[in-house]
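Residues per chain are reported as follows:
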Amino acid sequence: GQQAVLEYRVFYRRRYAEAAFTSCRDVQLPATGGLAIATMCGRYGAQLCTAQRWLDFQGDKNNGLAPLQIQFRLLEDDAEPG
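The structure contained in this document is the topic of the report that follows.

Procedures and definitions
Residues numbered from 1 in each chain as written. Predicted model: local features only at pLDDT ≥ 70, side-chain atom pairs only at ≥ 80, totals over all residues. Heavy atoms only, no water. Helix = DSSP H or I, 4+ residues; strand = E, 2+ residues; numbered from the N terminus. Polar contact = N/O pair within 3.5 Å; in protein donor to acceptor, adjacent residues only side chain to side chain. Contact = heavy atoms within 4.5 Å. Disulfide = S-S within 2.5 Å. Buried < 20%, exposed > 50% of the residue type's maximum accessible area, 1.4 Å probe, protein only.

Note on placement: N63 falls in the loop between α2 (51–58) and β2 (69–75). Within the local environment of N63, its side chain forms a polar contact with the backbone nitrogen of A66, the two atoms lying 2.9 Å apart. Excluding residues that lie within four positions of it along the chain, N63 makes contacts with F57 and Q58.

Scanning the entire structure with this criterion turns up one disulfide. Sulfur-sulfur distance for the disulfide between C41 and C49 comes to 2.1 Å. Here the disulfide of C41 and C49 is right-handed, its torsion about the S-S bond being about 90°. Residues C41 and C49 agree in their burial class; the two are buried. There is no disulfide at C24, and the cysteine sulfur nearest it, in C49, is 9.8 Å away.

Encoded structure:
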């Protein structure tokens, strides 16, 4: 049989994840004028969205967008995965 990746785990430094989230947090959708993050954070919307919730939604295969399940794990800057 053939092998395929169906799920994987990604380790990000918390500082990197927070910076990526901050860079996207205030982006507006031209068509609606609303915040893009509101649709990119699932049930939390823009008000309750955090870097971890944003990544969790992006990696949820049940959101209709992610091709497979991705678990995002945020590490403190001095920590190593594993």
